[in-house]
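Residues per chain, in single letters:
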Amino acid sequence: MILSVRDLSVRIGGSHILQGVSFDVPRTGITALLGRNGVGKTTTLRAILGELPASGAIDFDGRPALGRPTHRLVRDGLGYVPEDRCVFAGLTVAENLRLAVRSADPRFRTVYELFPELHVRAGQRAGTLSGGQQQMLALGRVLLNDQRLLLIDEPTKGLAPAVISSVATALDRIADRVPMLLVEQNLAVVRRLATDAIVLAAGRVAWQGPAAGLLGDPALARDLLGVGSTVRRP
Ligand SMILES: Nc1ncnc2c1ncn2[C@@H]1O[C@H](COP(=O)(O)OP(=O)(O)O)[C@@H](O)[C@H]1O
Ligand SMILES: [Mg+2]
């Protein structure tokens, strides 16, 4: 396992958001983190990153992670692409990429091979990119450095169907090299990409297993993920 989470508990204000969440992320493939809006998916990712006070135990790449500062975890290869993408709108694509470099040997070739558009648009201000292009820039920034695990939060949110498909293709290629814990509400994308799935409900893990087991059972998926969670073909 690249990541083991045990009995993770997070309180924000007066609410007990995560109430003993336990799951594992294998060293290969994409593990989808699912659940209804507001259930605590983003909170889970931020607790793993050490951005929120949490209790329980987290093991990342064979070492205890809970209580270690975020920058150490990032240095050790924990990559995070947040939901809001966090690109610097006033800087160019190339400047955004350069700011993300941490290693002596950044992987610009890999990033430009994966996202040729970032090369073409290197001199363009990131704020003028489309949502899909900004997502590619956010993914590109994290991939410049060697990563052991990627935490990616809703990468296809708000994107047009054709763009969702190209982001999914990129995630699929990235996952050939780096395991991923992926929060994704689009179940067609989950069906296409995920090997394993974890479903949060009421502060706990309500279901964990092979993604096909969840998505192959529409009644179960509807029950766990809510009405309207039909799996349409991409
Ligand atoms: N900074 C915060 N302050 C107060 N409540 C928060 C904060 N962040 C998240 N929450 C609450 O925690 C719950 C889980 O949020 P979140 O992890 O963002 O859910 P998800 O990503 O599954 O949609 C929600 O009820 C949300 O309102
Ligand atoms: Mg969220």
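This one's a predicted model, so the numbers in the text were calculated from it and none came from an experiment. (Residues numbered from 1 in each chain as written. Chains lettered and ligands numbered in written order. Predicted model: local features only at pLDDT ≥ 70, side-chain atom pairs only at ≥ 80, totals over all residues. Heavy atoms only, no water.)

Strand order in the open sheet formed by six strands is β6-β7-β8-β3-β9-β10, with mixed pairing between adjacent strands. The strands lining the two open edges of the sheet, one partner per strand, are β6 (78-81) and β10 (204-210). Neighbour-to-neighbour, the strand axes of the sheet open up by a mean angle of 15 degrees, direction not taken into account. Direction of pairing for strand β9 (residues 196-201) relative to β10: antiparallel, over a ladder of six bridges. Each residue of the ladder has a partner; that of D196, found in β10, is P210. Helix α1 (residues 41-48) rests against β3 (30-34), β6, β7 (149-153), β8 (180-183) and β9 of the sheet, and its axis sits at about 150 degrees to β7. Each of β3, β9 and β10 is contacted by helix α10 (residues 218-225), which is oriented at about 150 degrees to β10, the strand it contacts most. (Pairing = 2+ DSSP bridges. Helix = DSSP H or I, 4+ residues; strand = E, 2+ residues; numbered from the N terminus. Axes fitted to C-alpha atoms, helices over the stretch in contact; angles between N-to-C directions. Contact = heavy atoms within 4.5 Å.)

Next up on the list: the packing of helix α3 (residues 93-100) against helix α6 (residues 131-143). Each pair of packed helices gets described by two things: the angle between the helix axes and the distance between those axes. The interhelical angle for the contact between α3 and α6, taken along N-to-C directions, is 30 degrees, at an axis separation of 8 Å. For the element pair α3 / α6, the angle class is roughly parallel. Relative to α6, α3 is oriented so that their crossing is right-handed. On α6, the residues touching V93, N96, L97 and A100 of α3 are L137, G140 and R141. Here the contact of α3 with α6 is built from residues that sort into four nonpolar, two polar and one charged. (Parallel < 35°, antiparallel > 145°, perpendicular 65-115°, else oblique. Left-handed = near helix turned anticlockwise from the far one by under 90°. Nonpolar A, V, L, I, M, F, W, Y, C, P; charged D, E, K, R; others polar.)

This brings us to the side chain of E184. One can find E184 in the loop between β8 and α8 (187-193). Here E184 is buried and forms no salt bridge, its nearest opposite-charge partner R85 lying at an N-O distance of 8.7 Å. Side chain to side chain, E184 and T156 meet in a polar contact 2.7 Å long. One polar contact links the side chain of E184 to the main-chain amide nitrogen of N186, over a distance of 2.9 Å. (Buried < 20%, exposed > 50% of the residue type's maximum accessible area, 1.4 Å probe, protein only. Lys, Arg positive; Asp, Glu negative; His and termini not counted. Salt bridge = Lys/Arg side-chain N within 4 Å of Asp/Glu carboxyl O. Polar contact = N/O pair within 3.5 Å; in protein donor to acceptor, adjacent residues only side chain to side chain.)

Looking now at the pairing of β3. Counting buried positions along β3 yields five of five residues, so the element is predominantly enclosed. Side chains I30, A32 and L34 project from β3 onto one buried face, and the interleaved T31 and L33 project onto a second face that is buried too. The sheet contact formed by β3 and β9 spans four bridges and is parallel. Looking at β9, one finds that T31 is bridged to D196.

Moving on: unusual backbone geometry. Even without being glycine, D7 reaches a positive phi, approximately 55 degrees. As for its position among the elements, D7 is in strand β1 (residues 3-12). Despite not being glycine, E154 shows a phi value in the positive range, around 45 degrees. Locating E154 in the fold gives a position in the loop between β7 and α7 (161-174).

Another point: the packing of aromatic side chains. Using the criterion set out here, one finds one aromatic pair in the structure. Between F108 and Y112 the ring centres are 6.1 Å apart and the planes differ by 35 degrees, which places this aromatic pair in the tilted class. Of the two residues, F108 and Y112 both sit in helix α4 (residues 108-114), four residues apart, roughly one turn of that helix. Residue classification places F108 among the partly exposed positions, given a relative accessible area of 25%. (Phe/Tyr/Trp six-rings, centres within 6.5 Å; stacked < 30°, edge-to-face > 60°.)

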